[in-house]
Amino acid sequence: MHTALEGVSFDACAGTFLSVVGPSGCGKSTLLHIAAGLLQPTRGSVFVFGQRLDGVNHRASYMFQQDALLPWKNVRENVALGLTFRGRSAAESNQLAAEWIRRVGLDGFGDSYPAQLSGGMRKRVAMAQSWIVDPDIVLMDEPFAALDVHTRLRMENEILDLWAGSGKTVLFITHDLEEAIGLSDEVAVLSVGPGSRIIARHKVDLARPRNLLDIRTESRFQELYKTIWSGLRQEVLRSYERD
Ligand SMILES: Nc1ncnc2c1ncn2[C@@H]1O[C@H](COP(=O)(O)OP(=O)(O)O)[C@@H](O)[C@H]1O
Ligand SMILES: [Mg+2]
């Protein structure tokens, strides 16, 4: 048996944007699956707004690393999927889907199918899909890892626009420390596995709203980057040795 995580004790403050970084294979996706209730921890438990999680976390929605759109459904149907599952009427679902399609900048693409869209556009659909159900918690697992760097910056800015003032708690998984700092209120660092645990948590005191196009050149950003990287770097080096 492989022990991905061990002795992880971890909390997210409601309404904040929290990122978890760590070397590849350390257990980031495992942690998120546990938070989503898709995976039962061998030991220990998860509490969601004070209640012990038993089964799927219905307060949360989930955005995967891979494209999780249904290829045989068009954009409107994909966006409305979560509402359909929750038994909302077709009229209500359609209206909300149209609203969200507009919000994520896909006006005019409601009838298109995933295969007809670019990678960035598919991410927009996935974003609308996870936010339309108005979850209290949004779980994201390296959602932009497959995008080119400019599209990625743009999507990161858009996630911040969606989140700002929403009151939602975001748990964002990434291996990219710059992305984590740019987006978050706090960055947690996972050690290399097996038996990975949280080895540091850093508050990110950069002002909001943030413009991610420029933030990397700010001296405070670079300071934070150096501090957090000095810990993460060791884990990344250890992950090279392990492999
Ligand atoms: N279903 C599984 N069965 C056995 N090992 C797994 C399973 N899923 C993940 N692992 C292992 O657990 C470790 C952590 O995986 P994962 O959480 O996907 O890491 P990350 O997302 O940080 O890259 C890896 O070593 C992986 O090989
Ligand atoms: Mg992963």
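Nothing here was measured: the structure is a model prediction, and the numbers come from that model. (Residues numbered from 1 in each chain as written. Chains lettered and ligands numbered in written order. Predicted model: local features only at pLDDT ≥ 70, side-chain atom pairs only at ≥ 80, totals over all residues. Heavy atoms only, no water.)

Student: Before we go on, may I ask you to explain the overall build of the chain in this structure?
Tutor: Assigned secondary structure in the chain consists of seven helices and eight strands. The C-alpha radius of gyration of the chain comes to 18 Å, within 12% of the 18 Å expected for a compact globule of 243 residues. Taking the principal axes of its C-alpha atoms as reference, the chain extends roughly 50 × 45 × 35 Å. For the chain, buried positions account for 49% of its 243 residues. Taking the contacts inside the chain whose residues are at least 6 apart along the sequence as the reference set, 70% of them involve residues at least 24 apart. (Helix = DSSP H or I, 4+ residues; strand = E, 2+ residues; numbered from the N terminus. Rg over C-alpha atoms; globule rule 2.2 N^0.38 Å. Buried < 20%, exposed > 50% of the residue type's maximum accessible area, 1.4 Å probe, protein only. Contact = heavy atoms within 4.5 Å.)

Student: Quick question: what am I supposed to make of the site of ligand 1 here?
Tutor: The local shell around ligand 1 consists of His2, Ala4, Ser24, Gly25, Cys26, Gly27, Lys28, Ser29 and Thr30. The contact in question runs from an oxygen atom of ligand 1 to an N or O atom on the backbone of cysteine 26, over 3.2 Å. Taking 560 Å² as the accessible area of ligand 1 by itself, protein coverage stands at 49%. Tallied by class, the residues present in the shell around ligand 1 amount to two nonpolar, six polar and one charged. (Near = heavy atom within 4 Å. Polar contact = N/O pair within 3.5 Å; in protein donor to acceptor, adjacent residues only side chain to side chain. Areas by Shrake-Rupley, 256 points an atom, 1.4 Å probe, with all protein chains shown as cover. Nonpolar A, V, L, I, M, F, W, Y, C, P; charged D, E, K, R; others polar.)

Student: Looking at this structure, I do not really get the packing of aromatic side chains. What am I missing?
Tutor: Here a ring pair, both rings aromatic, is described through the centre-centre distance and the interplanar angle of the planes. Enumeration over the complete set of coordinates arrives at five aromatic pairs. Look at phenylalanine 17 and tryptophan 163: their rings are 5.4 Å apart centre to centre, the planes differ by 90°, and that puts the pair in the edge-to-face class. Residue phenylalanine 17 is located in strand 1 (residues 17–21), and its partner tryptophan 163 is located in helix 5 (residues 149–163); the two are separated by 146 residues in the primary sequence. Judged by its relative accessible area of 0%, phenylalanine 17 falls in the buried class. Judged by its relative accessible area of 9%, tryptophan 163 falls in the buried class. On the numbers, 5.8 Å between centres and 40° between planes, the contact of phenylalanine 17 with phenylalanine 172 is tilted. Of this pair, phenylalanine 17 sits in strand 1 while phenylalanine 172 sits in strand 6 (residues 169–173); the two residues are 155 residues apart in sequence, bridging distant segments of the chain. (Phe/Tyr/Trp six-rings, centres within 6.5 Å; stacked < 30°, edge-to-face > 60°.)

Student: Is there a simple way to explain the nonpolar core in this structure?
Tutor: Where a protein is soluble and globular, its nonpolar side chains tend to be buried together. Ranked by internal contacts, the top residues of the largest apolar core, which has 49 residues, are Phe17, Val79, Met127 and Ile181. Of the domains in this structure, domain 1 (1–49 + 138–243) and domain 2 (69–134) are the two that each give at least three residues to this core. Setting aside anything within four residues of it in sequence, one finds methionine 127 in contact with Met63, Val104, Phe144, Met155, Glu158, Ile159 and Leu162. (Core = buried A, V, L, I, M, F, W, Y, C linked by side-chain atoms within 4.5 Å. Domains from an automatic or database assignment.)

Student: Whenever I open this one, the packing of helix 2 (residues 75–85) against helix 4 (residues 119–131) confuses me. Can you help?
Tutor: At a minimum axis distance of 6 Å, the contact between helix 2 and helix 4 shows a crossing angle of 30°. Judged by the angle between their axes, helix 2 and helix 4 are roughly parallel. In the crossing of helix 2 with helix 4, the sense of the turn from one axis to the other is right-handed. Contacts between helix 2 and helix 4 involve Val75, Asn78, Val79 and Leu81 from the first element and Val125, Ala128 and Gln129 from the second. The residue makeup of the contact of helix 2 with helix 4, split by class, is five nonpolar, two polar and no charged. (Axes fitted to C-alpha atoms, helices over the stretch in contact; angles between N-to-C directions. Parallel < 35°, antiparallel > 145°, perpendicular 65-115°, else oblique. Left-handed = near helix turned anticlockwise from the far one by under 90°.)

Student: Teacher, can you tell me more about the side chain of serine 19 here?
Tutor: Counting through the fold element by element, serine 19 comes out in strand 1. Among the polar contacts made by the side chain of serine 19, one reaches the side chain of serine 184 at a distance of 2.5 Å. Beyond its immediate chain neighbours, meaning those up to four positions away, serine 19 contacts Phe172, Ala180, Ser184, Glu186, Val187 and Ala188.

Student: Just checking my understanding: could you explain the environment of glycine 231 for this structure?
Tutor: Its location among the elements puts glycine 231 in helix 7 (residues 219–242). Overall, glycine 231 belongs to the partly exposed group, its relative accessible area being 25%.

Student: How should helix 4 be read in this particular structure?
Tutor: Structural remark: α-helix, 3.6 residues per turn; residues separated by three or four positions point the same way. Here helix 4 contains 13 residues, and its C-alpha end-to-end distance of 19 Å stays within 8% of the 18 Å for a straight helix at 1.5 Å per residue. Buried residues dominate helix 4, accounting for eleven of its 13 residues. Every buried residue of helix 4 is listed here: Gly120, Met121, Lys123, Arg124, Val125, Ala126, Met127, Ala128, Gln129, Ser130 and Trp131. Residues of helix 4 that are buried make contact with strand 4 (60–63), helix 2, helix 3 (90–103), strand 5 (137–141) and helix 5. (Expected span 1.5 Å × (residues − 1).)

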